[in-house]
Protein chains: 2
Amino acid sequence: MRTLGIDPGLATLGWGVVETHGDAATLLGCGVIRTAAHTPLPARLLQIHTALGAVLEHHQPDAAAIEELFFGKNSTTAMAVGQARGVALLVLAQAGLAVAEYKPTVVKQAVAGDGGADKRQMQSMVRMTLRLAAAPTPDDAADAVAVALCHGYTAPFVRQVALGRADR
Amino acid sequence: MRTLGIDPGLATLGWGVVETHGDAATLLGCGVIRTAAHTPLPARLLQIHTALGAVLEHHQPDAAAIEELFFGKNSTTAMAVGQARGVALLVLAQAGLAVAEYKPTVVKQAVAGDGGADKRQMQSMVRMTLRLAAAPTPDDAADAVAVALCHGYTAPFVRQVALGRADR
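Described below are features of the structure shown in this document. All figures in this text were calculated on a predicted structure; none of them were measured in a lab.

1. As for the interface of chain B and chain A
Interfaces are often described in size by the accessible area the parts lose on coming together.
Link 1 in the chain: Between chain B and chain A, the residue contacts involve 38 residues of the former and 39 residues of the latter.
Link 2 in the chain: With both sides pooled, the region where chain B packs onto chain A buries about 3,200 Å², and carbon together with sulfur makes up 69% of that total.
Link 3 in the chain: Our enumeration of links across chain B and chain A arrives at 0 salt bridges.
Link 4 in the chain: At the boundary of chain B and chain A, one finds 4 residue pairs in polar contact (both at pLDDT 80 or more).

2. Describing the environment of A:Thr3
Residue and element names in this part refer to chain A.
Link 1 in the chain: Checked against the element boundaries, Thr 3 lands in strand β1 (residues 2-7).
Link 2 in the chain: What makes Thr 3 buried here is its relative accessible area of 0%.
Link 3 in the chain: With 13 residues separating them in the primary sequence, Thr 3 and Gly 16 have C-alpha atoms 8.1 Å apart.

3. Thoughts on the relation of the copies chain B and chain A
Link 1 in the chain: For the pair chain B and chain A, the superposition axis carries a translation of 0.0 Å, the fit reaches an RMSD of 0.0 Å, and the rotation angle comes to 180 degrees. Seen this way, the second copy is the image of the first under a two-fold rotation axis.
Link 2 in the chain: Of the residues that chain B buries at the interface, 100% are likewise interface residues in chain A, meaning the two copies contact each other through the same surface.

4. What about the sheet that holds strand β5 (residues 99-102) of chain A?
Hydrogen bonding along the main chain pairs the strands of a sheet, whether they run parallel or antiparallel.
All names here are of chain A.
Link 1 in the chain: The strand order across the open sheet formed by 5 strands is β3-β2-β1-β4-β5, and the pairing between neighbours is mixed. For this open sheet the edge positions go to β3 (24-34) and β5, each flanked by a neighbour on one side alone. Taken pair by pair, the neighbouring strands of this sheet meet at an average axis angle of 20 degrees, ignoring direction.

5. A short note on the pairing of strand β2 (residues 12-21) of chain B
For a regular strand, side-chain orientation follows a simple rule: the groups alternate between the two sheet faces.
Residue and element names in this part refer to chain B.
Link 1 in the chain: Counting buried positions along β2 yields 9 of 10 residues, so the element is predominantly enclosed.
Link 2 in the chain: Looking at chain direction, strand β1 (residues 2-7) and β2 are connected through 6 bridges and run antiparallel. By the bridge assignment for β2, Asp 7 is matched with Gly 14.
Link 3 in the chain: Taken together, β1 and the strand that follows it, β2, pair antiparallel across an intervening segment of 4 residues.
Link 4 in the chain: Pairing between β2 and strand β3 (residues 24-34): 10 bridges, direction antiparallel. By the bridge assignment, Glu 19 is partnered in β3 with Thr 26.
Link 5 in the chain: Hairpin connection between β2 and β3: a loop of 2 residues separates the two successive antiparallel strands, and Gly 22 in this loop has a positive phi of roughly 60 degrees.

6. A word on the nonpolar core
Link 1 in the chain: By size, the foremost hydrophobic cluster in this structure holds 50 residues, and its most contacted members are A:Leu92 and B:Leu92.
Link 2 in the chain: Excluding its chain neighbours within four sequence positions, the residues that come into contact with B:Leu92 are B:Leu4, B:Ile6, B:Leu56, B:Ala64, B:Leu97 and B:Val99.

7. Some thoughts on the sheet that holds β3(B)
Residues and elements named next belong to chain B.
Link 1 in the chain: What the 5 strands build is an open sheet, ordered β3-β2-β1-β4-β5; its pairing is mixed. Unpaired on one side and paired on the other, β3 and β5 (99-102) mark the two borders of the sheet. Adjacent strand axes in the sheet meet at a mean angle of 20 degrees, parallel and antiparallel pairs treated alike.
Link 2 in the chain: Here helix α5 (residues 139-154) sits on the sheet in contact with β1, β2, β3, β4 (63-67) and β5, set at roughly 35 degrees to β2.

8. Some points on the side chain of A:Glu19
Residues and elements named next belong to chain A.
Link 1 in the chain: With respect to the helices and strands, Glu 19 occurs in strand β2 (residues 12-21).
Link 2 in the chain: A relative accessible area of 17% places Glu 19 in the buried class.
Link 3 in the chain: Those residues in contact with Glu 19 that lie beyond four places of it in its chain are Met 1, Arg 2, Ala 24, Ala 25, Thr 26 and Leu 28.

9. Topic: the packing of helix α1 (residues 41-59) of chain A against helix α2 (residues 75-94) of chain A
All names here are of chain A.
Link 1 in the chain: In contact at an axis separation of 9 Å, α1 and α2 are set at 35 degrees when each is read in the N-to-C sense. In the crossing of α1 with α2, the sense of the turn from one axis to the other is right-handed. Only Gln 83, Ala 84, Val 87, Ala 88, Leu 90, Val 91, Leu 92 and Gln 94 of α2 make contact with α1, whose side of the interface consists of Leu 41, Leu 45, Ile 48, His 49, Leu 52, Gly 53 and Leu 56.
Link 2 in the chain: Tallied by class, residues from the contact of α1 with α2 come to 11 nonpolar, 4 polar and no charged.

10. Here's the deal with the pattern of salt bridges
Link 1 in the chain: Counting across every chain of the model gives 9 salt bridges over all chains.
Link 2 in the chain: Among the salt bridges present, the one from A:Lys103 reaches A:Glu68, with a minimum N-O distance of 3.4 Å. Within this pair, whereas A:Lys103 is found in the loop between β5 and α3 (104-112), its partner A:Glu68 is found in the loop between β4 (63-67) and α2, the two being separated by 35 residues in sequence.
Link 3 in the chain: A relative accessible area of 40% means that A:Lys103 is categorised as partly exposed.
Link 4 in the chain: For A:Glu68, a relative accessible area of 12% gives the class buried.
Link 5 in the chain: Between B:Asp143 and B:Lys119 there is a salt bridge; the shortest N-O distance is 4.0 Å. Linking B:Asp143 in helix α5 with B:Lys119 in helix α4 (residues 119-129), this pair joins segments that are 24 residues apart in sequence.
Link 6 in the chain: Among the residues examined, B:Asp143 registers a relative accessible area of 28% and is labelled partly exposed.
Link 7 in the chain: Overall, the relative accessible area of 45% leaves B:Lys119 in the partly exposed class.
Link 8 in the chain: Where salt bridges share partners, they join B:Lys119, B:Asp139 and B:Asp143 into one cluster.

Rules and cut-offs
- Residues numbered from 1 in each chain as written.
- Chains lettered and ligands numbered in written order.
- Predicted model: local features only at pLDDT ≥ 70, side-chain atom pairs only at ≥ 80, totals over all residues.
- Heavy atoms only, no water.
- Contact = heavy atoms within 4.5 Å.
- Buried area = accessible area lost by both parts, 1.4 Å probe.
- Salt bridge = Lys/Arg side-chain N within 4 Å of Asp/Glu carboxyl O.
- Polar contact = N/O pair within 3.5 Å; in protein donor to acceptor, adjacent residues only side chain to side chain.
- Helix = DSSP H or I, 4+ residues; strand = E, 2+ residues; numbered from the N terminus.
- Buried < 20%, exposed > 50% of the residue type's maximum accessible area, 1.4 Å probe, protein only.
- Least-squares fit on C-alpha atoms with pLDDT ≥ 70 in both.
- Pairing = 2+ DSSP bridges.
- Axes fitted to C-alpha atoms, helices over the stretch in contact; angles between N-to-C directions.
- Core = buried A, V, L, I, M, F, W, Y, C linked by side-chain atoms within 4.5 Å.
- Left-handed = near helix turned anticlockwise from the far one by under 90°.
- Nonpolar A, V, L, I, M, F, W, Y, C, P; charged D, E, K, R; others polar.

Given below as C-alpha coordinates:
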(Lines give C-alpha, C1' and ligand atoms only; values in the text may rest on other atoms or scores of the structure.)
Protein backbone atom coordinates (compact mmCIF):
# COMPACT_ATOMS: atom_id res chain seq x y z
CA MET A 1 0.00 0.00 0.00
CA ARG A 2 1.26 3.45 -0.93
CA THR A 3 0.09 6.10 1.56
CA LEU A 4 0.32 9.87 1.34
CA GLY A 5 0.50 11.47 4.79
CA ILE A 6 -0.27 15.15 5.26
CA ASP A 7 0.54 17.60 8.05
CA PRO A 8 -1.63 20.57 7.10
CA GLY A 9 -0.65 24.22 7.45
CA LEU A 10 -1.02 27.45 5.50
CA ALA A 11 2.60 28.69 5.62
CA THR A 12 4.08 25.16 5.61
CA LEU A 13 2.24 21.98 4.64
CA GLY A 14 4.16 18.74 5.15
CA TRP A 15 3.72 15.65 2.99
CA GLY A 16 5.27 12.19 2.89
CA VAL A 17 4.68 9.08 0.78
CA VAL A 18 5.39 5.68 2.29
CA GLU A 19 5.10 2.22 0.74
CA THR A 20 4.27 -0.55 3.22
CA HIS A 21 4.23 -4.34 2.82
CA GLY A 22 3.39 -5.87 6.19
CA ASP A 23 6.08 -4.67 8.57
CA ALA A 24 8.39 -3.41 5.81
CA ALA A 25 8.16 0.26 4.97
CA THR A 26 9.95 2.42 2.38
CA LEU A 27 9.98 6.20 2.08
CA LEU A 28 9.23 7.21 -1.51
CA GLY A 29 9.38 10.94 -0.96
CA CYS A 30 8.60 13.76 1.43
CA GLY A 31 8.75 17.52 1.59
CA VAL A 32 6.89 20.69 2.40
CA ILE A 33 4.76 23.13 0.44
CA ARG A 34 5.48 26.69 1.56
CA THR A 35 3.42 29.79 0.83
CA ALA A 36 4.52 33.34 1.55
CA ALA A 37 2.73 35.53 4.10
CA HIS A 38 2.68 38.51 1.71
CA THR A 39 0.80 36.55 -0.96
CA PRO A 40 -3.00 37.04 -0.91
CA LEU A 41 -4.76 34.17 0.85
CA PRO A 42 -6.71 32.86 -2.18
CA ALA A 43 -3.45 32.70 -4.17
CA ARG A 44 -1.74 30.81 -1.33
CA LEU A 45 -4.56 28.25 -1.33
CA LEU A 46 -4.23 27.93 -5.09
CA GLN A 47 -0.48 27.29 -4.70
CA ILE A 48 -1.22 24.51 -2.18
CA HIS A 49 -3.82 23.00 -4.50
CA THR A 50 -1.42 22.98 -7.45
CA ALA A 51 1.64 21.73 -5.55
CA LEU A 52 -0.21 18.96 -3.72
CA GLY A 53 -1.82 17.91 -6.99
CA ALA A 54 1.68 17.57 -8.46
CA VAL A 55 2.75 15.37 -5.52
CA LEU A 56 -0.24 13.08 -6.15
CA GLU A 57 0.47 13.01 -9.86
CA HIS A 58 4.10 12.06 -9.26
CA HIS A 59 3.69 9.49 -6.47
CA GLN A 60 0.26 8.02 -7.31
CA PRO A 61 -0.67 7.00 -3.74
CA ASP A 62 -3.60 4.65 -3.21
CA ALA A 63 -4.42 5.87 0.29
CA ALA A 64 -4.19 9.11 2.26
CA ALA A 65 -3.96 9.98 5.94
CA ILE A 66 -4.03 13.20 7.91
CA GLU A 67 -3.53 14.06 11.55
CA GLU A 68 -6.43 15.30 13.66
CA LEU A 69 -5.63 18.78 14.89
CA PHE A 70 -6.58 20.57 18.08
CA PHE A 71 -6.11 24.27 18.71
CA GLY A 72 -7.61 24.68 22.15
CA LYS A 73 -8.87 28.24 22.34
CA ASN A 74 -6.88 29.57 19.38
CA SER A 75 -9.69 29.93 16.84
CA THR A 76 -7.65 32.33 14.67
CA THR A 77 -4.96 29.73 14.02
CA ALA A 78 -7.63 27.03 13.64
CA MET A 79 -9.30 29.11 10.91
CA ALA A 80 -6.02 29.67 9.04
CA VAL A 81 -4.92 26.03 9.21
CA GLY A 82 -8.49 24.90 8.49
CA GLN A 83 -8.45 26.76 5.18
CA ALA A 84 -5.27 24.96 4.08
CA ARG A 85 -6.58 21.63 5.42
CA GLY A 86 -9.82 22.07 3.47
CA VAL A 87 -7.90 22.57 0.24
CA ALA A 88 -5.68 19.54 0.97
CA LEU A 89 -8.73 17.33 1.62
CA LEU A 90 -10.30 18.64 -1.59
CA VAL A 91 -7.23 17.60 -3.61
CA LEU A 92 -7.48 14.09 -2.12
CA ALA A 93 -11.22 13.89 -2.85
CA GLN A 94 -10.65 15.08 -6.42
CA ALA A 95 -8.14 12.24 -6.84
CA GLY A 96 -10.73 9.75 -5.56
CA LEU A 97 -8.68 8.85 -2.48
CA ALA A 98 -10.30 7.85 0.80
CA VAL A 99 -8.83 9.83 3.68
CA ALA A 100 -8.14 8.40 7.13
CA GLU A 101 -7.72 10.66 10.14
CA TYR A 102 -5.63 9.83 13.22
CA LYS A 103 -5.25 11.42 16.62
CA PRO A 104 -1.63 12.35 17.48
CA THR A 105 -1.56 9.73 20.26
CA VAL A 106 -2.58 7.03 17.79
CA VAL A 107 0.19 8.06 15.38
CA LYS A 108 2.74 7.94 18.22
CA GLN A 109 1.49 4.55 19.40
CA ALA A 110 1.63 3.08 15.88
CA VAL A 111 5.06 4.48 14.98
CA ALA A 112 6.94 4.49 18.30
CA GLY A 113 4.90 1.97 20.32
CA ASP A 114 4.17 4.72 22.86
CA GLY A 115 1.24 7.16 22.65
CA GLY A 116 3.22 9.64 24.73
CA ALA A 117 6.40 9.57 22.62
CA ASP A 118 8.16 12.93 22.29
CA LYS A 119 9.36 14.52 19.06
CA ARG A 120 12.89 13.11 19.32
CA GLN A 121 11.64 9.56 19.92
CA MET A 122 9.29 9.86 16.96
CA GLN A 123 12.02 11.14 14.63
CA SER A 124 14.32 8.34 15.76
CA MET A 125 11.69 5.65 15.14
CA VAL A 126 10.77 7.10 11.73
CA ARG A 127 14.45 7.11 10.79
CA MET A 128 15.05 3.51 11.92
CA THR A 129 11.80 2.13 10.49
CA LEU A 130 12.54 3.58 7.08
CA ARG A 131 16.29 2.78 7.28
CA LEU A 132 17.26 6.41 6.67
CA ALA A 133 20.61 8.04 7.41
CA ALA A 134 18.78 10.90 9.11
CA ALA A 135 15.19 11.74 10.08
CA PRO A 136 13.23 13.59 7.37
CA THR A 137 13.40 17.38 7.60
CA PRO A 138 11.84 19.82 8.22
CA ASP A 139 9.57 18.78 11.11
CA ASP A 140 6.40 19.16 9.06
CA ALA A 141 7.68 16.63 6.51
CA ALA A 142 8.69 14.23 9.32
CA ASP A 143 5.22 14.55 10.89
CA ALA A 144 3.59 13.80 7.55
CA VAL A 145 5.79 10.71 7.09
CA ALA A 146 4.78 9.53 10.59
CA VAL A 147 1.05 9.75 9.85
CA ALA A 148 1.60 7.92 6.53
CA LEU A 149 3.49 5.17 8.41
CA CYS A 150 0.71 5.00 11.00
CA HIS A 151 -1.86 4.42 8.27
CA GLY A 152 0.31 1.87 6.49
CA TYR A 153 0.57 -0.15 9.70
CA THR A 154 -2.97 0.39 10.95
CA ALA A 155 -5.23 0.34 7.92
CA PRO A 156 -4.85 -3.38 7.06
CA PHE A 157 -6.24 -4.29 10.49
CA VAL A 158 -9.23 -2.02 10.79
CA ARG A 159 -12.49 -2.19 8.96
CA GLN A 160 -13.20 1.51 8.71
CA VAL A 161 -10.92 4.45 9.30
CA ALA A 162 -12.43 6.83 6.80
CA LEU A 163 -12.77 10.40 7.93
CA GLY A 164 -16.30 11.71 8.11
CA ARG A 165 -17.22 13.15 11.46
CA ALA A 166 -17.17 16.95 11.35
CA ASP A 167 -20.83 17.95 11.55
CA ARG A 168 -20.96 21.72 11.23
CA MET B 1 -19.93 45.55 -11.44
CA ARG B 2 -21.19 42.05 -10.77
CA THR B 3 -20.19 40.83 -7.31
CA LEU B 4 -20.47 37.36 -5.81
CA GLY B 5 -20.85 37.49 -2.02
CA ILE B 6 -20.15 34.42 0.10
CA ASP B 7 -21.13 33.50 3.64
CA PRO B 8 -18.93 30.44 4.25
CA GLY B 9 -19.98 27.33 6.16
CA LEU B 10 -19.54 23.57 5.90
CA ALA B 11 -23.16 22.47 6.39
CA THR B 12 -24.59 25.60 4.70
CA LEU B 13 -22.67 28.03 2.49
CA GLY B 14 -24.61 31.10 1.39
CA TRP B 15 -24.02 32.91 -1.90
CA GLY B 16 -25.52 35.92 -3.64
CA VAL B 17 -24.78 37.75 -6.89
CA VAL B 18 -25.54 41.48 -7.10
CA GLU B 19 -25.12 43.85 -10.04
CA THR B 20 -24.39 47.44 -9.04
CA HIS B 21 -24.29 50.65 -11.10
CA GLY B 22 -23.58 53.53 -8.73
CA ASP B 23 -26.47 53.50 -6.24
CA ALA B 24 -28.62 51.11 -8.26
CA ALA B 25 -28.38 47.45 -7.34
CA THR B 26 -30.05 44.35 -8.76
CA LEU B 27 -30.12 40.84 -7.32
CA LEU B 28 -29.18 38.33 -10.02
CA GLY B 29 -29.41 35.24 -7.86
CA CYS B 30 -28.78 33.83 -4.41
CA GLY B 31 -28.98 30.54 -2.57
CA VAL B 32 -27.21 28.10 -0.32
CA ILE B 33 -24.99 25.07 -0.87
CA ARG B 34 -25.82 22.40 1.71
CA THR B 35 -23.77 19.32 2.56
CA ALA B 36 -24.94 16.46 4.75
CA ALA B 37 -23.32 15.67 8.10
CA HIS B 38 -23.20 11.93 7.31
CA THR B 39 -21.14 12.52 4.15
CA PRO B 40 -17.34 12.14 4.62
CA LEU B 41 -15.64 15.52 4.99
CA PRO B 42 -13.51 15.34 1.80
CA ALA B 43 -16.66 14.55 -0.22
CA ARG B 44 -18.50 17.51 1.38
CA LEU B 45 -15.66 19.82 0.37
CA LEU B 46 -15.78 18.40 -3.15
CA GLN B 47 -19.53 19.11 -3.28
CA ILE B 48 -18.89 22.72 -2.24
CA HIS B 49 -16.15 23.07 -4.87
CA THR B 50 -18.40 21.72 -7.63
CA ALA B 51 -21.53 23.65 -6.65
CA LEU B 52 -19.75 26.98 -6.17
CA GLY B 53 -17.96 26.45 -9.48
CA ALA B 54 -21.38 26.05 -11.12
CA VAL B 55 -22.57 29.33 -9.55
CA LEU B 56 -19.53 31.12 -11.00
CA GLU B 57 -20.05 29.50 -14.37
CA HIS B 58 -23.69 30.56 -14.45
CA HIS B 59 -23.40 34.11 -13.10
CA GLN B 60 -19.91 35.11 -14.34
CA PRO B 61 -19.16 37.63 -11.57
CA ASP B 62 -16.24 40.00 -12.00
CA ALA B 63 -15.62 40.51 -8.28
CA ALA B 64 -16.00 38.50 -5.09
CA ALA B 65 -16.44 39.39 -1.43
CA ILE B 66 -16.50 37.40 1.78
CA GLU B 67 -17.21 38.28 5.39
CA GLU B 68 -14.45 38.16 7.98
CA LEU B 69 -15.34 35.59 10.60
CA PHE B 70 -14.60 35.44 14.30
CA PHE B 71 -15.15 32.44 16.50
CA GLY B 72 -13.85 33.65 19.83
CA LYS B 73 -12.61 30.57 21.67
CA ASN B 74 -14.45 28.01 19.55
CA SER B 75 -11.52 26.58 17.60
CA THR B 76 -13.47 23.43 16.63
CA THR B 77 -16.08 25.43 14.74
CA ALA B 78 -13.36 27.71 13.33
CA MET B 79 -11.57 24.64 11.91
CA ALA B 80 -14.75 23.25 10.32
CA VAL B 81 -15.82 26.57 8.78
CA GLY B 82 -12.20 27.30 7.81
CA GLN B 83 -12.09 24.15 5.70
CA ALA B 84 -15.18 25.21 3.75
CA ARG B 85 -13.90 28.80 3.51
CA GLY B 86 -10.57 27.58 2.14
CA VAL B 87 -12.33 25.65 -0.62
CA ALA B 88 -14.54 28.65 -1.45
CA LEU B 89 -11.50 30.95 -1.70
CA LEU B 90 -9.78 28.36 -3.90
CA VAL B 91 -12.73 28.34 -6.32
CA LEU B 92 -12.51 32.15 -6.56
CA ALA B 93 -8.74 32.04 -7.11
CA GLN B 94 -9.13 29.36 -9.78
CA ALA B 95 -11.58 31.67 -11.56
CA GLY B 96 -9.04 34.49 -11.41
CA LEU B 97 -11.25 36.67 -9.19
CA ALA B 98 -9.81 39.07 -6.63
CA VAL B 99 -11.45 38.56 -3.25
CA ALA B 100 -12.31 41.39 -0.86
CA GLU B 101 -12.91 40.73 2.82
CA TYR B 102 -15.16 42.85 5.07
CA LYS B 103 -15.74 42.96 8.78
CA PRO B 104 -19.40 42.46 9.80
CA THR B 105 -19.61 46.05 11.09
CA VAL B 106 -18.41 47.36 7.71
CA VAL B 107 -21.08 45.31 5.89
CA LYS B 108 -23.77 46.68 8.24
CA GLN B 109 -22.55 50.25 7.81
CA ALA B 110 -22.48 49.96 4.02
CA VAL B 111 -25.87 48.27 3.66
CA ALA B 112 -27.93 49.72 6.54
CA GLY B 113 -25.95 52.89 7.30
CA ASP B 114 -25.42 51.59 10.84
CA GLY B 115 -22.50 49.38 11.92
CA GLY B 116 -24.64 48.08 14.77
CA ALA B 117 -27.69 47.14 12.69
CA ASP B 118 -29.46 43.96 13.83
CA LYS B 119 -30.50 41.07 11.60
CA ARG B 120 -34.02 42.41 11.02
CA GLN B 121 -32.77 45.86 10.01
CA MET B 122 -30.26 44.29 7.63
CA GLN B 123 -32.88 42.06 5.99
CA SER B 124 -35.20 45.03 5.62
CA MET B 125 -32.51 47.18 3.99
CA VAL B 126 -31.42 44.38 1.65
CA ARG B 127 -35.05 43.88 0.62
CA MET B 128 -35.67 47.60 -0.02
CA THR B 129 -32.34 48.23 -1.75
CA LEU B 130 -32.91 45.40 -4.18
CA ARG B 131 -36.66 46.13 -4.55
CA LEU B 132 -37.63 42.61 -3.52
CA ALA B 133 -41.04 41.43 -2.29
CA ALA B 134 -39.32 39.68 0.62
CA ALA B 135 -35.81 39.41 2.03
CA PRO B 136 -33.71 36.57 0.58
CA THR B 137 -33.93 33.30 2.51
CA PRO B 138 -32.43 31.41 4.21
CA ASP B 139 -30.33 33.68 6.43
CA ASP B 140 -27.03 32.47 4.94
CA ALA B 141 -28.16 33.56 1.47
CA ALA B 142 -29.29 36.95 2.84
CA ASP B 143 -25.91 37.42 4.57
CA ALA B 144 -24.09 36.62 1.32
CA VAL B 145 -26.23 39.13 -0.58
CA ALA B 146 -25.41 41.78 2.05
CA VAL B 147 -21.65 41.30 1.69
CA ALA B 148 -21.99 41.43 -2.12
CA LEU B 149 -23.94 44.70 -1.79
CA CYS B 150 -21.30 46.06 0.58
CA HIS B 151 -18.58 45.37 -1.97
CA GLY B 152 -20.64 46.82 -4.82
CA TYR B 153 -21.05 50.08 -2.87
CA THR B 154 -17.58 50.20 -1.32
CA ALA B 155 -15.15 48.91 -3.95
CA PRO B 156 -15.45 51.83 -6.40
CA PHE B 157 -14.23 54.21 -3.67
CA VAL B 158 -11.28 52.33 -2.25
CA ARG B 159 -7.93 51.69 -3.82
CA GLN B 160 -7.25 48.32 -2.28
CA VAL B 161 -9.61 45.94 -0.55
CA ALA B 162 -8.01 42.68 -1.62
CA LEU B 163 -7.76 40.01 1.01
CA GLY B 164 -4.25 38.97 1.93
CA ARG B 165 -3.49 39.18 5.60
CA ALA B 166 -3.59 35.75 7.21
CA ASP B 167 0.01 35.01 8.03
CA ARG B 168 0.13 31.51 9.46
